[in-house]
Amino acid sequence: MSDQAVLHVKGRVLVGPEDVRDELWVVGGRVSYDRPAGVRDIRTVEGWALPGLVDAHCHVGLGPHGPVDTATAEKQALTDREAGTLLIRDAGSPSDTRWVDDREDLPKIVRAGRHIARTRRYIRNFAHEIEPEDLAAYVAQEARRGDGWVKLVGDWIDRDLGDLAPSWPRDAVEAAIAEAHRLGARVTAHCFAENSLQDLVEAGIDCIEHATGLTDDLIPLFAERGVAIVPTLVNIATFPQLAAGGESKFPQWSAHMRRLHERRYDTVRSAYDAGIPVYVGTDAGGSLAHGLVAGEVAELVTAGIPPVDALAATSWAARAWLGRPGLEEGAPADLVVYESDPRADVRVLASPRRVVLNGQVVE
């Protein structure tokens, strides 16, 4: 589309869950609700329009064995774009993906730098693997490299215990989180189990990824502190397979993983009911495929979150949480158009009619 062309989106525009308008215009790549005067080159798209979807836990540039080449990372980003994901919080990647910022045809990325893990306590080639005395320094480094986020690995299997265990002592995470906040960054942590959560939340963490270990006694603490969770239920679905693979060597860990999986929906619904912010994330990258955002929204609904709130968790609310605009006047025109109302049935998210990124129809 040339600089002089205008895109007309008509039908129903979901500016917010209750703010529904009949049309918007895309002029110079940005949203306008005023019809431009004197323009003849107009392309019309019809349907139900949403702000570009958000995957708040995704890994562009990461594969099963660590960093991937640029062509593979590009394919990952394009797969997410095809699914309607136009804003990604990259929750840890060993690859430098700054080149994506120069591509107007690829999703926008909010980076958390590289994972920070305890030595030999995470997937090989994914993270900086360090000891507690170096945690604050590495958090400062990644805070400067990222886009306002830092990612810790809060727990992982301890082979001596044969089960999940916290990665960091309380004093180390307190100092590290304080340093991140001093530098203007928020901190999130991978956590499967129960016993790392209280220290992390009381130390001031901003978000917990997966949060399968969230229990009834911890929920009030999360709610009081406003700590968000990103459940990644499409990833938690793999726990039985992981447990089966580790059964012979780590039976205690395998049993624990199965318990976390069995209660996953109750955990998410209890968090939602308590007012804990819940956002959509797929954990794409590593071993999980990209483009699963619609499936994750459907999983949140299965867990008992009302469809409109599950939709907000990948659109209006998620964008506000990440400090990125939706379909406000003058915002970049990043939107997805569907055949029918996604508030009525979130399954429609799996079949975008049109994807518009920076004002260009790309799908």
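Before reading further, recall that the structure is shown in the block above.
The present account deals with the structure reproduced in this document. (Residues numbered from 1 in each chain as written. Predicted model: local features only at pLDDT ≥ 70, side-chain atom pairs only at ≥ 80, totals over all residues. Heavy atoms only, no water.)

1. What about the overall build of the protein chain?
Looking only at helices and strands, the protein chain features twelve helices and 20 strands. Taken over the C-alpha trace, the protein chain has a radius of gyration of 21 Å; the compact-globule value for 363 residues is 21 Å, and the two agree within 12%. Seen along its three principal axes, the alpha-carbon backbone of the protein chain occupies a region of about 70 × 40 × 35 Å. Classification of the 363 residues of the protein chain by burial places 55% in the buried group. Within the protein chain, residue pairs in contact and separated by at least 24 positions form 65% of the contacts whose partners lie at least 6 positions apart. For the protein chain, the accessible area works out to roughly 14800 Å², and carbon and sulfur atoms hold 46% of it. Charge centroids of the protein chain, computed over 39 positive and 55 negative side chains, lie 3 Å from each other. (Helix = DSSP H or I, 4+ residues; strand = E, 2+ residues; numbered from the N terminus. Rg over C-alpha atoms; globule rule 2.2 N^0.38 Å. Buried < 20%, exposed > 50% of the residue type's maximum accessible area, 1.4 Å probe, protein only. Contact = heavy atoms within 4.5 Å. Areas by Shrake-Rupley, 256 points an atom, 1.4 Å probe, with all protein chains shown as cover. Lys, Arg positive; Asp, Glu negative; His and termini not counted. Charge placed at Lys NZ, Arg CZ, Asp CG, Glu CD.)

2. Brief notes about the side chain of Glu-296
With respect to the helices and strands, the residue Glu-296 is situated in helix α10 (residues 293-302). This buried residue, Glu-296, is left without a salt bridge; Arg-264 holds the nearest opposite charge, at 9.1 Å. Those residues within four positions of Glu-296 in sequence are excluded, and the remaining contacts are Pro-231, Thr-232, Leu-233, Val-234, Val-280, Gly-281 and Thr-282. (Salt bridge = Lys/Arg side-chain N within 4 Å of Asp/Glu carboxyl O.)

3. Structural notes on the state of the cysteines
By definition, a disulfide links two cysteine residues through a covalent bond between their sulfur atoms. Counted under the stated rule, the structure contains zero disulfides. Free of any disulfide, Cys-58 has its nearest cysteine sulfur in Cys-207, 15 Å distant. Owing to a relative accessible area of 0%, Cys-58 belongs among the buried residues under this scheme. With no disulfide partner, Cys-207 has as its closest neighbouring cysteine sulfur the one in Cys-191, 9.8 Å distant. With a relative accessible area of 0%, Cys-207 lands in the buried category. (Disulfide = S-S within 2.5 Å.)

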